[in-house]
Amino acid sequence: MSQKSRSQSEVIYVAYVASSIDGRISESSRSKLGWTSKEDWDFFQKSLLGFDAVVVGYNTYEMARKNLSKRNTIVFTSRVNTPNRSGSVTFLNPKKYDLNKLIKEKGYKKIAILGGPKIYNYFLEQKLLNELFVTIEPYVFTNGVSMFAGERFRKYRFSLEWVKKLNTKGTILLKYKYGN
């Protein structure tokens, strides 16, 4: 993202993804959470403390509703035409209402993107992704949900900022910046 684009938006968008070695984030869109390591979970929870809000898809929201209802959450869903707020959770159809307008109205400056694949892809396509943290757990799923779910082939360039080994079992954490 160019410096001009970043200063115009003044919002930082950071995606967090936990993946198997073969790039799968779950067995299915309805799979339960909790397959990642304690070290990944600890890093993720500590990281979220620095964010004004999180963005998730409806399936991710349904799986993690209890945890997400405790923070400012924006849930992407096609089930609403205008933003619908329930406590700290706002349901939003990004095809019907401008996400940037909502972010500006709320005064959010730092947004965590937590998935799923269509959500990650939305932020890539909109060029609203500044950083990407990928935890790779030492599993191979052979089938399941991919990290990103684009409708057509596109290529996005990231640069690796750093790598950290999280535990002795082989879990690693990668930090990428978009567009370098």
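Visitor: It is not clear to me how the packing of aromatic side chains should be interpreted in this structure. Could you clarify?
Guide: Aromatic ring pairs are reported here in terms of the distance separating the ring centres and the angle at which the planes meet. If you walk through the whole model with that rule in mind, you get 20 aromatic pairs. Ring centres 5.8 Å apart and planes at 65° place the aromatic pair Tyr16 and Phe44 in the edge-to-face group. One end of the pair, Tyr16, is in strand 1 (residues 12–19); the other, Phe44, is in helix 2 (residues 38–48), with 28 residues separating them in the sequence. With relative accessibility at 8%, the residue Tyr16 sits in the buried group. Pairing Tyr58 with Tyr61 gives two aromatic rings, centres 6.4 Å apart and planes at 45°, and the pair type is tilted. With a gap of three residues between them, Tyr58 and Tyr61 both fall in helix 3 (residues 58–68), about one helical turn apart. Ring pairing ties together the aromatic residues Tyr16, Trp41, Phe43, Phe44, Phe51, Phe133 and Trp162, which thus form one cluster. In this arrangement the basic side chain of Arg79 is found over the ring face of Tyr58, its NZ or CZ atom lying 4.1 Å from the centre. The ring of Phe51 is capped by Lys110, whose NZ or CZ atom sits 4.8 Å from the centre of that ring.

Visitor: What should I look at first to understand the side chain of Asn93 in this one?
Guide: Counting through the fold element by element, Asn93 comes out in the loop between strand 6 (89–92) and helix 4 (99–106). From its side chain, Asn93 meets the backbone nitrogen of Lys95 in a polar contact 2.9 Å long.

Visitor: What is the right way to read the pairing of strand 10 (residues 158–165) from this model?
Guide: Working note: regular strand, side chains alternate between the two faces of the sheet. In this sheet, strand 11 (residues 172–178) lies alongside strand 10 in antiparallel orientation, the contact comprising seven bridges. Across the sheet, the residue bridging to Ser159 is Lys177, located in strand 11. Connecting the antiparallel pair strand 10 and strand 11 is a turn made up of six residues, with Gly170 showing a positive phi of about 110°.

The rules behind each value
- Residues numbered from 1 in each chain as written.
- Predicted model: local features only at pLDDT ≥ 70, side-chain atom pairs only at ≥ 80, totals over all residues.
- Heavy atoms only, no water.
- Phe/Tyr/Trp six-rings, centres within 6.5 Å; stacked < 30°, edge-to-face > 60°.
- Helix = DSSP H or I, 4+ residues; strand = E, 2+ residues; numbered from the N terminus.
- Buried < 20%, exposed > 50% of the residue type's maximum accessible area, 1.4 Å probe, protein only.
- Lys NZ or Arg CZ within 6 Å of the ring centre and 35° of its normal.
- Polar contact = N/O pair within 3.5 Å; in protein donor to acceptor, adjacent residues only side chain to side chain.
- Pairing = 2+ DSSP bridges.

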